[in-house]
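Examination of the molecular architecture
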Amino acid sequence: MLAPMLPDLSRLDREALQALLLAEHQERIATHQQLQQREQQLLQRESEIETLKLLLSQLRRMQFGRKSEKRQRQIEQLELRLEDLQLAQAAEQTQRTESCSAESSPPAANVKPVRRPLPEHLPRQTQTHEPKHSACPDCGGRLRKLGEDVSETLEYVPECFRVIRHVRPKLSCRHCERIVQAAAPSRPIARGLAGPGLLAHVLISKYADHLPLYRQSEIYERQGVELERSTLADWVAGCSKLLDPLVEALRRYVMAAGKLHADDTRVPVLAPGTGKTKTGRLWTYVRNDRPAGDTAAPAVWFAYSPDRGGEHPVQHLRRFQGALQADAYAGFNQLYKDDRIQEVACWAHVRRKFYDLEQAHASPLAREALERIGALYAIEDEIRGRPPDERQQVRQTRARPLLQSLHDWFEVSLTKLSRKSDTTAAIRYALTLWPALTRYCDDGHLEIDNNAAERALRAVTLGRKNYLFAGSDAGGERAAILYSLIGSAKLNGLDPESYLRDVLSRIADHPIRRIEELLPWNLAPNRSPAIEPTA
């Protein structure tokens, strides 16, 4: 196309020159507008490409397992639903039995499976319980053996089953015929077949190793021991009820702290009568001040709720006063309306957003953000375990200037980015929470992130891949009880199975007014758990 020829300006009058200049100006404006529109379209397209790359990267990391297991998944769902129904039935039967007198027989409608004799091939260990009296308590006469009562419990020693024979010799007085015998040893579950070691193993297998009861039943059958799933459900329900007062003591201890870490995760739960699942929540509250040099025992308390309503953390924290380290969940906001609870945000959440961006499309800006945040974490690595005053001083001297520089860099970067880009969203997330994100610099007791709560939830997220869902809200509440004790045992450097075995061997005879004596740190006098890293 030939360029338009410029007319001879010397022959044009004033009006013609003005018209020519106006046309030229309008043409330039139209061209500029077209360039702006094209540039805006390019920016929008680039933003959409970045978003799609980010989503694809996240989905690839989330993808696991086979894709064509629908039928097997349905079978597992039915198995788990049956398991939870049996747990609920066991809990109801326990309550009904407690309401009846010791002499009354259980209702005929609750038919229990016939108890099989314990397998003869299992090794036996005999424990003889001699009477406390060496002579007749009535007349002081010499005692002679009259007979004995023998009962058996099925116990589990790691990697093998064992039958414990409890022998209680009966002695009678030669003079007055008084019969003397040791009292029967108490059992964790009244008239139950299982010893504390086996009960602890079943609980750990279900809630720590994520093996549903029907799978455990299959494993035990391979070892020559037939344990009905309904029997295992009775044991789990009985243990949950037995351990409930201990978890209440644990809750009181956790809520007495001046700083808590809080988080929640989803738990698919079967909706009754529909065959479908709803989404329940498990909330975790962690007391752990070891990074600030505190010697108080760490602990974690879990709570279940049927949904994620903000009223649940409000109820959980109704008596708590202090700093709450959590994510930006809106349900926590009403907790910060007065001065009772102070918001402390999490730098790990900020970092994760830039990490996803950098992994998705190698963004230089995201990489620089990660480096700047990494410098803050390097300071925390140096002062972990030091006293709060020293931590605060170091943060004010070294971390505060880095935070101010990062804030200024965020502000400048926003002017160069599209308002709809994912990078902009990540920066705005940080700036919106900035006062809560920088609060840790002013208090040496606080942490840079909420990873303590996220570590506590790791067992739940791992288990979710195995057991798929909880069978009911009651199943979620039972899970919260066991997760609380297992998580607290781990925080105190204890093997959770050994801890539960110890607790279950004592709790039936332990005075309720001294239940705190069975908390993990009170059963571990030489406890010296390592301080976990923040990142």
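One structure accompanies this document, and this report is about it. All figures in this text were calculated on a predicted structure; none of them were measured in a lab. Here, residues in each chain are numbered from 1, in the same order as that chain's written sequence. Selection of residues for local features in this predicted model requires a pLDDT of at least 70, selection of side-chain atom pairs for listing and counting requires 80 or more, and totals for whole chains, interfaces and linings are taken over all residues. With hydrogens and water stripped out, all remaining heavy atoms of the structure feed into the side-chain values.

**Concerning the packing of helix α3 (residues 196–207) against helix α15 (residues 496–506)**
Helices that pack against each other are described as a pair by the angle of their axes relative to one another and the distance between those axes. Here an axis means a line fitted to C-alpha atoms, over the contact stretch when the element is a helix, while the angle between two N-to-C directions is reported on a 0 to 180 degree scale. A run of H or I in DSSP counts as a helix once it spans at least four residues, and a run of E counts as a strand once it spans at least two, with each numbered from the N terminus. Relative orientation of the contacting elements α3 and α15 amounts to 135 degrees, with a least axis distance of 8 Å. Considering their axes alone, α3 and α15 lie oblique with respect to each other. Regarding α3 and α15, the two cross each other, and that crossing is right-handed. Judged by residue contacts, Pro 196, Gly 197, Leu 199, Ala 200, His 201, Leu 203 and Ile 204 of α3 engage Pro 496, Glu 497, Leu 500, Arg 501, Leu 504 and Ser 505 from α15. Class assignment of the residues belonging to the contact of α3 with α15 gives a composition of eight nonpolar, three polar and two charged. Here is the rule for angles: anything less than 35 degrees is roughly parallel, anything more than 145 is roughly antiparallel, 65 through 115 is roughly perpendicular, and the remaining ranges are oblique. Handedness of a crossing is defined here by the sense of rotation of the near helix relative to the far one, left-handed for an anticlockwise turn of less than a right angle and right-handed for a clockwise turn. Here, two residues are considered to be in contact whenever any of their heavy atoms come within 4.5 Å of each other. Residue polarity follows a fixed list, in which Ala, Val, Leu, Ile, Met, Phe, Trp, Tyr, Cys and Pro are nonpolar, Asp, Glu, Lys and Arg are charged, and the others, Gly among them, are polar.

**Thoughts on the pattern of salt bridges**
A pair is scored as a salt bridge if a Lys or Arg side-chain nitrogen falls within 4 Å of a carboxyl oxygen belonging to Asp or Glu. Within this structure, the stated rule accounts for 27 salt bridges. Where Arg 514 meets Glu 517, a salt bridge forms, and the shortest distance between an N and an O atom there is 2.9 Å. Put simply, Glu 248, Arg 251, Arg 252 and Glu 516 are held in one network by salt bridges that share partners.

**Examining the packing of aromatic side chains**
A pair of aromatic rings is counted whenever rings of Phe, Tyr or Trp (Trp by its six-membered ring) have centres within 6.5 Å, and the orientation is called stacked for planes under 30 degrees apart, edge-to-face for over 60 and tilted otherwise. Throughout the structure, instances matching the rule amount to twelve aromatic pairs. Ring plane angle 45 degrees and centroid distance 6.0 Å describe the contact between Trp 283 and Tyr 329, whose orientation is recorded as tilted. Placement of the pair is Trp 283 in strand β6 (residues 277–287) and Tyr 329 in the loop between β8 (322–325) and β9 (341–344), with a sequence separation of 46 residues. The residues Trp 283 and Tyr 329 share a single accessibility class, namely buried. With a centroid separation of 5.7 Å and an interplanar angle of 45 degrees, the aromatic rings of Phe 302 and Tyr 483 are classed as tilted. Linking Phe 302 in strand β7 (residues 299–305) with Tyr 483 in helix α14 (residues 473–491), this pair joins segments that are 181 residues apart in sequence. Taking relative accessible area as the criterion, Phe 302 reaches 3% and is therefore assigned buried. Through pairs of rings, three or more aromatic residues link up here, namely Trp 347, Phe 354, Trp 409, Phe 410 and Trp 434. Accessible area is worked out with a 1.4 Å probe on protein chains only. A residue is then buried under 20% of its type maximum, exposed over 50%, and partly exposed in between.

**A closer look at helix α5 (residues 229–255)**
Helix length check: α5, at 27 residues, gives a terminal C-alpha distance of 36 Å against a target of 39 Å (1.5 Å per residue), a fit within 8%. When the local axis directions of α5 are compared, the greatest deviation, roughly 40 degrees, occurs at Asp 244, which is followed within four positions by the proline Pro 245. Across the 27 residues that make up α5, a large majority, 19, are buried. Helices are assigned an expected span. That span is 1.5 Å times one less than the residue count. Each residue is assigned a bend, namely the angle between axes fitted to the seven residues that terminate at it and the seven residues that start at it.

**What about the packing of α5 against α15?**
One way to put it is that α5 packs onto α15 with a least axis distance of 11 Å and a crossing angle of 90 degrees. The orientation of α5 with respect to α15, classified from their angle, is roughly perpendicular. On α15, the residues touching Cys 239, Leu 242, Leu 243 and Leu 246 of α5 are Tyr 499, Leu 500, Val 503 and Leu 504. Of the residues that constitute the contact of α5 with α15, the class distribution is eight nonpolar, no polar and no charged.

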